[in-house]
Every structure is written in structure tokens, then in C-alpha cells.
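# A structural walkthrough
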Number of protein chains: 2
Amino acid sequence: MTQVITKKGNRTKDEMIYLKAFPLRTIEEIPKIKDDVSNKMIIILRVTPLAQKNVEDLKEAIEDLYDFSTSIGGDIARLGEERVAITPPGVKIWRGLV
Amino acid sequence: MTQVITKKGNRTKDEMIYLKAFPLRTIEEIPKIKDDVSNKMIIILRVTPLAQKNVEDLKEAIEDLYDFSTSIGGDIARLGEERVAITPPGVKIWRGLV
């Protein structure tokens, strides 16, 4: 990885991290989510659509994403009842007291 | 800003970005949120507690955070009905189609 730093200290476009929020409707979306996280995207997944359709699929999806995020050195955590956050390496989910 | 890159290309601890999710209960929390974003934290704010208490305060808080994120070159957007994401420079909120 090459990091090119501009004069102002901002990351260049290549180094930009994106935060992408969307609903998880089927387990078939998991490979795309992994691709996104591999491409340095933070994913905020609303899991209720899949939860209402197929709890077993949701369980499998979450386990799969958990193993994936661990393997790449990223992070994963629930955000409230409805959402799961998955992050690429370099982005950690805060678990401390606020 | 100095970026120290380890052999694996990961950011060092100093360069770690944190994602922090918590509820907004009073407008008095806004300065702390700005501090957090200035310290390279991504904030996912559940705004319903303040919305239920004082809609005018919430409106003011959101406008304040909007001006702030614009001024520092960060980003801000709603995530669903209940949450607002505020990001530091270098993190953009995806608004494209998925």
C-alpha cells in the first residue's frame, strides 16, 4: 500500500474511506459486502429485513461476516437492535464508556 | 500530519480511526461530539432521545453539527429515521446506489 499525503495532510482520493449504509435483504449480498470492506468501506448494515425473512440465514451471515472481519484485521459490532457495523483494517469500533 | 506505515501497510495506533455510536440526550453533548470528530472519530448518533425531549434543540444541534462538519471538511448524513452519522476529513458517507 502506498500512502500519498497532500500538503494539507488530507488523504488523497485513493485513500478515502467510505461509510456505506444499507439494508441486508438476502444472504447473497454477503460477498459484495466483503468486497466493499476489502475496498476500505465501512458498512452499516440494517439487518431487520433479513431477520424478518429468515433468522437462520441472518445468523449464518453474521457468523460469516464476523469470521471475515477478524481474518482481515477489521472490526464488527452491533449498533442497537437493528444494525451491524463492519469495518476495514484501520477503523475500530469504540466499545468504551462515553 | 505524519503517517507511519507498518510493514503490513496498516496504520499505526496514532492513525487509527474510531467509530463511536451513542445516543444524543442533550444539546450540551455537542461540543464533546465536535471534539471526537476533530480527533478522527466517526460518530453514529441516535437522535431519538433528544427528538422526544426537545425538537427545537435537536434541530439546532443538527444545524450546528452540519456547519461544523462542513467547516472541517468532514461529512454528515442521516442513517434511517433515528441516526445521524458525522465523519472526520478522509471519511465520506456513500450516497450512491448500492
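Everything that follows concerns the structure shown earlier in this document.
Residues numbered from 1 in each chain as written. Chains lettered and ligands numbered in written order. Predicted model: local features only at pLDDT ≥ 70, side-chain atom pairs only at ≥ 80, totals over all residues. Heavy atoms only, no water.

### Re the pattern of salt bridges
All names here are of chain B. Applying the stated criterion to the full structure yields eleven salt bridges over all chains. Lysine 20 is the partner of aspartate 36 in a salt bridge, and the nearest nitrogen-oxygen pair spans 2.9 Å. Residue aspartate 36 is found in helix H1 (residues 30-38), and its partner lysine 20 is found in strand S1 (residues 17-23); the two are separated by 16 residues along the sequence. Residue aspartate 36 is classed as buried on the basis of its relative accessible area of 5%. (Salt bridge = Lys/Arg side-chain N within 4 Å of Asp/Glu carboxyl O. Helix = DSSP H or I, 4+ residues; strand = E, 2+ residues; numbered from the N terminus. Buried < 20%, exposed > 50% of the residue type's maximum accessible area, 1.4 Å probe, protein only.)

### Topic: the nonpolar core
One finds Leu19, Ile42 and Ile44 of chain A together with Leu19, Ile42, Ile44 and Val91 of chain B to be the most contacted residues of the largest nonpolar core, which totals 18 residues. Where this core is concerned, the elements lending two or more residues are strand S1 (17-23), strand S2 (41-46), strand S3 (75-79) and strand S5 (91-93) of chain A together with S1, strand S2 (41-46), strand S3 (75-79) and strand S5 (91-93) of chain B. Other than its neighbours up to four places away in sequence, valine 91 of chain B contacts Met16, Ile17, Leu19 and Ile42 of chain A together with Ile17, Ile42 and Asp75 of chain B. (Core = buried A, V, L, I, M, F, W, Y, C linked by side-chain atoms within 4.5 Å. Contact = heavy atoms within 4.5 Å.)

### Re the side chain of lysine 40 of chain A
Mapping lysine 40 of chain A onto the fold places it in the loop between helix H1 (30-38) and S2. A polar atom in the side chain of lysine 40 of chain A sits 3.1 Å from the side chain of glutamate 15 of chain A. (Polar contact = N/O pair within 3.5 Å; in protein donor to acceptor, adjacent residues only side chain to side chain.)

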